[in-house]
Amino acid sequence: MLLCFRNLMLTLAALSCWQTCQRLAATSSMFLVVFAAALTDTRAVHVLLGVYALVGVWWLMCAYWGRLEGHLPARSRRSVPVRAVVVTVFLLLLAAAAGMSSLAGGTTTTALAGWIPSSGGTGQHDPFARAGVGDGDMLVRAQEQAESVGAVDSDLFLTSKMPSLYDMLNETFGEADNCKKHHPTEKAIGLSSDEKVLELGHEPTRSEDAGREFTTVRRRTDRRRRNLEHRLSDAVLFVAGRTPLHLRQEVFDHFDGITWSRTPALNNPLPLRMQQVGDQHWVNTLSPPDRPIFHGREVHTIKITSLATNRIPAPAHLTRASIDRVDRLDMYRRAEADIVRLDRTTIPRFTVIHLESHLPDPVRLRDVALRPLVAGPSCSVVNSLGELRSDPQGESPTLEVPSTQAQSRVRQLAESWVADVPPGWTQVEAIVSRLRTEYEFDPDARATGATDDVVGEFLFETRRGPSYLFASAAAVMLRSLGYPTRMVNGFYADPARYNSRARHTPVFADDAHFWPEVHLGRRTWVAVEPTPGYELLAPPRSWSEKMSTVLSALVIWLWAHRLALVLIACNGVAAILTRRLWLGILALGAWRLAMCVRPASALASWTVWLIERRARLAGRARPSGRTLSGWYLASAQSASPEAAQALRQLLQLGQRMFYAPHSGRKQVPESELTIVETCRAVARHWTVRRLRTCLGSA
Amino acid sequence: MMLSSEPRIVAGNGAPPTLGESLDIVQSLRAALNGALRGKSEVVEQVLACLLARGHLLIEDLPGLGKTTLAKALARAVGGKFARVQCTPDLLPSDITGFNVFDQKAREFHFVEGPVFSHVLLADEINRATPRTQSALFESMSERQVTIDNVSRRLPETFFVIATQNPAESHGVYPLPEAQLDRFGMKLHIGYPDRASELEMLAADATPRDHSNGPVAVLQPDELVRLQDEVAQVPLSGDVREYLVDLGRATREHRDVPLGLSPRGLLTWQRVSQARAYLQGRDFVTPDDIQDVATGVLGVRLGGESEAAGRIVREILDSVAVPIYPKKR
């Protein structure tokens with residue numbers, strides 16, 4: 001209806017050469033603008049409203065100028081072309097509307113919406129939409145599965161295709177190579193740990209606790225199959241909020257050289273607390289951080305679509321979380337000290353979870369007094385030292401490194417990387433940046449499994465691998481330097497996948513990711529990202545910061561290309577300064593070519609062309625309203641006699657060529673030889689410089 | 001008082017004279033006028049173009065600049081009868097056209113021809129005549145005939161009016177209406193002569209007068225008719241004609257022009273341009289010819305203040321691109 005009215009208005013505006021149509025168009029446009037302004041309170045609309053008001057006042061002034069003029073003091077007798085102005089304004093508006101509609105990529109159907117009944121939709125397409133014409137390929141496909149319907153508590157049958165994180169890791173990184181699982185070293189180390197023994201006393205693990213380990217020696221996967229079938233149809237979850245984002249799922253702290261495993265926490269985790277803010281019930285997981293390393297609050301919303309897990313995928317330093325209408329605290333449990341889960345088998349599909357977390361500021365992290373712990377013998381576990389002891393409820397950070405033969409080399413390598421870096425967070429950054437720059441990310445590379453030290457093999461031999469190898473290497477190196485580090489896996493919300501129309505970022509099974517986290521004391525684990533191509537979420541930057549970044553990048557780029565730029569600038573300036581010379585040479589070349597190719601009768605006009613060119617180059621171009629003789633012969637007075645004579649002859653020839661009737665053109669009194677001579681004389685005498693001096697003095 | 005010397009060259013009755021012979025005649029005409037009006041060769045060219053284009057001439061300038069001298073010289077050079085009317089507010093139409101007198105002896109009306117029955121008529125200070133008298137003159141100018149008591153009388157084929165008016169006067173004048181100004185071919189300003197010409201003029205005046213050395217008639221009226229016919233046959237190429245039409249349309253769109261160029265004015269412009277080309281010894285019209293006569297042709301037609309006329313004409317000329325390279329047809 002509104003569209004129809006708008007189109008009617010536009011048509012009236014187009015026909016505004018008639019007074020009635022013009023007034024009607026103005027009235028209807030005012031109605032439309034007021035209507036639109038009443039519907040929304042966006043600031044842009046208010047700006048538009050102001051512009052419209054200005055245009056409207058101008059229009060009124062124009063339309064009633066005649067009446068106004070009588071009341072105004074007669075300062076000027078120039079009349080305003082009322083109709084022309086009004087028509088121009090409307091045409092401009094119309095052109096702008098047409099341009100905008102064409103820029104918006106609308107088809108004819110959308111442009112004519114309101115005129116022609118159409119079921120073609122709005123022309124927009126969103127693969128994640130829930131309804132609409134041509135919309136939602138992905139979700140429609142997902143919803144058509146029989147097992148996804150049903151409003152009961154467990155809305156999925158046992159044969160659910162929803163993959164667990166374990167399946168996803170197997171799919172993404174390949175299955176664990178079982179032959180390596182019973183490696184004697186691994187077994188010896190695993191059993192030597194006290195915690196391992198304790199674990200045996202626990203009740204048999206439930207499904208969600210099963211497989212809480214990750215082997216770095218894995219089989220290759222069929223990447224093509226993964227890409228084709230599973231990429232588009234199954235987004236694991238969606239993230240709304242700033243990306244890139246690391247969503248934690250599991251934490252590993254024990255590494256035997258091949259396999260990462262989880263040591264169950266000994267300490268009682270902090271209790272969760274429920275808090276109601278308005279209609280929303282939030283579960284608080286951490287008290288708001290009091291440490292200065294954090295930049296500020298980050299708010300994200302995730303929706304899980306295809307992931308069988310009960311752990312809430314959440315960024316680090318999660319302070320609180322909320323699910324609509326979940327108002328009971330006992331629905332939430334802690335899976336780890338800083339990972340929250342729901343007290344059920346899986347989080348139901350399409351559950352929307354609001355998350356609030358704090359973001360560490362990489363700049364402030366450098367100021368943290370981070371002391372490397374004194375590591376014991378290379379294979380010992382150091383879990384309680386210095387300040388850590390004063391934090392009884394904290395996780396026990398570990399410096400344990402696998403006691404493999406390559407370990408000493410790894411340690412030496414790490415020490416050589418940080419040789420001239422003062423201890424603290426800068427060392428962590430140094431290790432990470434060396435890994436990021438000197439090693440190559442290759443999701444298809446696999447550890448051979450030939451040795452018992454995957455990290456050594458990665459660092460010294462293959463130098464390429466998937467994210468878990470980077471993360472393992474970073475963790476082992478940081479530990480060997482005395483920084484308690486653990487391994488985390490989960491999902492990486494890639495900003496490259498951001499869907500600007502739906503304003504969210506889908507996360508696929510491919511985005512399963514590993515990264516290390518460094519302990520800063522007081523239960524604060526800060527993620528680092530050693531894998532090239534993956535980024536940590538940076539604090540939002542202000543405009544001035546963005547501008548300074550861009551400027552500094554520009555300066556750096558300019559400085560890097562200074563020689564080429566100076567050369568280009570010099571050449572450009574030289575070319576601009578001498579452009580008349582070059583263009584003159586080009587014109588002369590074209591003229592010479594014409595002299596060779598064209599018949600003698602056409603030479604006069606070519607020579608006139610040359611003179612016109614040169615006059616333009618001399619900055620004394622003939623105004624279009626002046627005749628050839630009127631412009632050039634006036635200047636011939638100040639030239640030498642033979643030059644003036646040649647020019648006069650040429651112009652006479654040219655006049656006969658150009659203006660004599662067709663029968664008269666043939667009767668050129670001069671012979672061909674004379675013509676050629678005249679043309680040559682003119683081209684010789686009337687150079688750019690002479691034209692400039694003569695025409696300038698004329 | 002007319003000098004009755006023989007015309008210089010008269011072509012034989014047999015073969016028509018060639019362009020070269022005609023140019024000789026034109027050259028002698030030019031020389032005669034330049035001798036009378038020193039240092040004003042461009043004005044003389046314009047006057048000749050107007051004459052050959054069969055247009056009447058309006059000269060607007062201050063007193064004493066040679067308006068009458070020029071008109072007299074022209075009349076004598078063209079040959080034929082010269083008449084002069086000094087316009088005053090009490091001048092009656094019959095004073096110009098002539099009137100019927102009852103002859104007591106013959107007992108019948110006898111027509112006394114007025115000054116309009118001549119080859120060259122000089123109407124001095126035409127804007128001092130009443131509109132009634134002016135319109136009587138205008139009929140004779142456009143129709144080349146006069147009607148007195150329902151009898152139409154033909155005027156000579158080469159009837160040529162040189163009217164002068166004085167722009168400085170404002171009391172007791174009747175400005176010519178725009179519609180009647182259109183009857184004139186061109187309006188010219190003579191302007192002051194340059195220093196050298198004034199010196200020459202003074203020197204010539206101080207010498208003993210030689211009565212036999214005045215301007216002589218260089219051609220007969222029927223020769224003038226032939227020249228005028230030749231002028232009418234100078235061709236225009238398509239591009240030039242389009243250019244002329246575009247200029248005419250541009251006058252109607254110019255914001256300072258109250259009255260654009262009429263089709264009759266356009267015809268006059270073409271004819272004067274042809275005459276200009278003819279005077280230059282060319283057998284085709286170029287945009288230069290059109291531009292050269294533009295001030296005179298448009299000055300009489302566009303109305304408005306004459307001070308701004310030069311600027312307006314320049315703007316109009318500048319607004320239309322001169323055709324240069326011939327279009328592919």
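All values derive from a computational prediction rather than experimental measurement. (Residues numbered from 1 in each chain as written. Chains lettered and ligands numbered in written order. Predicted model: local features only at pLDDT ≥ 70, side-chain atom pairs only at ≥ 80, totals over all residues. Heavy atoms only, no water.)

## Considering the overall build of chain A
Logical step 1: If you tally the helices and strands in chain A, you get 25 helices and 18 strands.
Logical step 2: Looking at chain A as a whole, 43% of its 698 residues qualify as buried.
Logical step 3: The contacts of chain A with a sequence gap of at least 6 include a subset with a gap of at least 24, amounting to 73%. (Helix = DSSP H or I, 4+ residues; strand = E, 2+ residues; numbered from the N terminus. Buried < 20%, exposed > 50% of the residue type's maximum accessible area, 1.4 Å probe, protein only. Contact = heavy atoms within 4.5 Å.)

## A short note on the overall build of chain B
Logical step 1: For chain B, the count of helices and strands is 13 helices and nine strands.
Logical step 2: Burial statistics for chain B: of 329 residues in total, 50% are counted as buried.
Logical step 3: Contacts in chain B between residues far apart in sequence, at least 24 positions, make up 77% of those at least 6 positions apart.
Logical step 4: As presented, chain B carries roughly 15800 Å² of accessible surface, and 52% of it is formed by carbon and sulfur atoms. (Areas by Shrake-Rupley, 256 points an atom, 1.4 Å probe, with all protein chains shown as cover.)

## Quick look at the interface of chain A and chain B
Logical step 1: Each partner contributes residues to the interface: chain A has 21 residues there, and chain B has 24 residues.
Logical step 2: Here chain A meets chain B over a buried area of about 1800 Å², counting both sides, of which 55% is carbon and sulfur.
Logical step 3: Along the contact surface separating chain A from chain B lie two salt bridges.
Logical step 4: Residues D283 of chain B and R656 of chain A are paired through a salt bridge, measuring 3.5 Å at the closest nitrogen-oxygen approach.
Logical step 5: Scanning the region where chain A abuts chain B turns up nine residue pairs in polar contact (both at pLDDT 80 or more).
Logical step 6: Of all the secondary-structure elements, those providing two or more residues to the side of chain A that touches chain B are α20 (600-617), α21 (628-636), α22 (641-659) and α23 (662-666) of chain A.
Logical step 7: Partitioned by chemical class, the residues of the side of chain A that touches chain B number eight nonpolar, eight polar and five charged. (Buried area = accessible area lost by both parts, 1.4 Å probe. Salt bridge = Lys/Arg side-chain N within 4 Å of Asp/Glu carboxyl O. Polar contact = N/O pair within 3.5 Å; in protein donor to acceptor, adjacent residues only side chain to side chain. Nonpolar A, V, L, I, M, F, W, Y, C, P; charged D, E, K, R; others polar.)

## Thoughts on unusual backbone geometry
Logical step 1: Residue T243 of chain A is joined to P244 of chain A through a cis peptide bond whose omega torsion reads 0 degrees.
Logical step 2: Note on placement: P244 of chain A falls in the loop between β2 (235-240) and β3 (245-252).
Logical step 3: Non-glycine residue R325 of chain A carries a positive phi angle of around 70 degrees.
Logical step 4: Position of R325 of chain A among the secondary structure elements: in the loop between β9 (318-323) and β10 (332-336).
Logical step 5: Non-glycine residue R107 of chain B carries a positive phi angle of around 55 degrees.
Logical step 6: Checked against the element boundaries, R107 of chain B lands in the loop between β3 (98-103) and β4 (108-113).

## Considering a positive patch on the surface
Residues and elements named next belong to chain A.
Logical step 1: Side chains of R579, R580, R689 and R692 sit close together on the surface and give a patch of like positive charge.
Logical step 2: Sorting the residues of the positive patch by element identifies α19 (579-597) and α25 (688-697) as the ones contributing at least two each.
Logical step 3: Mapping R579 onto the fold places it in helix α19. (Patch = residues over 30% accessible without salt bridge, like charges linked within 9 Å, V, L, I, M, F, W, Y side chains within 5 Å. Lys, Arg positive; Asp, Glu negative; His and termini not counted. Charge placed at Lys NZ, Arg CZ, Asp CG, Glu CD.)

## Digging into the sheet that holds β3 of chain A
All names here are of chain A.
Logical step 1: Across the sheet, four strands lie side by side as β3-β15-β17-β18; this open sheet has antiparallel pairing. Here the strands that pair on one side only, and so sit at the sheet edges, are β3 and β18 (525-527). Here the average twist between neighbouring strands, direction ignored, is 40 degrees.
Logical step 2: Looking at chain direction, β3 and strand β15 (residues 485-493) are connected through seven bridges and run antiparallel. Within β15, the position partnered with R248 by the bridge is G490.
Logical step 3: Seen against the sheet, helix α8 (residues 165-173) touches β3, β15 and β17 (512-519) and runs at an angle of roughly 105 degrees to β17. (Pairing = 2+ DSSP bridges. Axes fitted to C-alpha atoms, helices over the stretch in contact; angles between N-to-C directions.)

## Regarding the pattern of salt bridges
Logical step 1: Using the criterion set out here, one finds 35 salt bridges over all chains in the structure.
Logical step 2: With a closest N to O distance of 2.7 Å, E356 of chain A and R297 of chain A form a salt bridge. Taken together, the residues E356 of chain A in strand β12 (residues 351-360) and R297 of chain A in strand β8 (residues 294-304) connect sequence positions 59 residues apart.
Logical step 3: For E356 of chain A, a relative accessible area of 7% corresponds to the buried category.
Logical step 4: Here E200 of chain B and R38 of chain B are joined by a salt bridge, their closest N and O atoms 3.2 Å apart. Within this pair, whereas E200 of chain B is found in helix α7 (residues 195-206), its partner R38 of chain B is found in the loop between α1 (19-36) and α2 (41-52), the two being separated by 162 residues in sequence.

## Let's talk about the confidence of the model for chain B
Residues and elements named next belong to chain B.
Logical step 1: Mean pLDDT over chain B: 82, with 88% of residues reaching 70 or higher.
Logical step 2: Here helix α6 (residues 178-181) is the element of chain B with the lowest mean pLDDT, 76, and helix α10 (residues 263-279) is the one with the highest, 92.
Logical step 3: In the predicted structure, residues 1-16 sits below a pLDDT of 50 and forms 21 contacts with residues beyond four places in sequence or in another chain. (pLDDT = per-residue confidence, 0-100.)

## Structural notes on α7 of chain B
Logical step 1: Under the 1.5 Å per step criterion, the end-to-end length of α7 of chain B is 17 Å for twelve residues, consistent within 8% with the ideal 16 Å.
Logical step 2: A small share of α7 of chain B lies buried, amounting to one of its twelve residues. (Expected span 1.5 Å × (residues − 1).)

## With respect to the sheet that holds strand β1 (residues 213-215) of chain A
All names here are of chain A.
Logical step 1: The sheet built from three strands is open, its strands ordered β1-β5-β4 with antiparallel pairing. Among the strands making up the open sheet, the edge pair consists of β1 and β4 (254-255).
Logical step 2: Here β4 runs beside strand β5 (residues 259-261); their pairing, made up of two bridges, is antiparallel. Bridge pairing links H254 to S261 in β5.

## Thoughts on the side chain of Q274 of chain B
Logical step 1: Within the secondary structure, Q274 of chain B is located in helix α10.
Logical step 2: For Q274 of chain B, a relative accessible area of 4% translates into the label buried.

## Side note on the pairing of strand β7 (residues 280-284) of chain A
Residues and elements named next belong to chain A.
Logical step 1: Within β7, four of the five residues are buried, which leaves the element mostly enclosed by the surrounding structure.
Logical step 2: Sheet topology places strand β6 (residues 273-277) next to β7; five bridges connect them, and they run antiparallel. If you follow Q275 over to β7, its bridge partner there is W282.
Logical step 3: Taken together, β6 and the strand that follows it, β7, pair antiparallel across an intervening segment of two residues, in which G278 is found at a positive phi of about 65 degrees.
Logical step 4: Relative to β9, β7 runs antiparallel, the two sharing two bridges. By the bridge assignment, V283 is partnered in β9 with A321.

## Comments concerning helix α1 (residues 2-14) of chain A
Logical step 1: With 13 residues, α1 of chain A extends 18 Å from end C-alpha to end C-alpha; this agrees with the ideal 18 Å at 1.5 Å per step.
Logical step 2: Buried within α1 of chain A are the following residues: N7, M9, L12 and A13 of chain A.

## Structural notes on the nonpolar core
Logical step 1: Residues Y632 and W686 of chain A together with L57, I162 and W269 of chain B are the most contacted members of the largest nonpolar core, which totals 108 residues.
Logical step 2: No other element matches the ten residues that α22 of chain A contributes to this core.
Logical step 3: Other than its neighbours up to four places away in sequence, L57 of chain B contacts V47, C50, F160, V161, I162, A163, F184, M186 and L188 of chain B.
Logical step 4: The next biggest cluster of nonpolar side chains, apart from the first, holds 81 residues, and it includes L237, F255, L307 and L342 of chain A. (Core = buried A, V, L, I, M, F, W, Y, C linked by side-chain atoms within 4.5 Å.)

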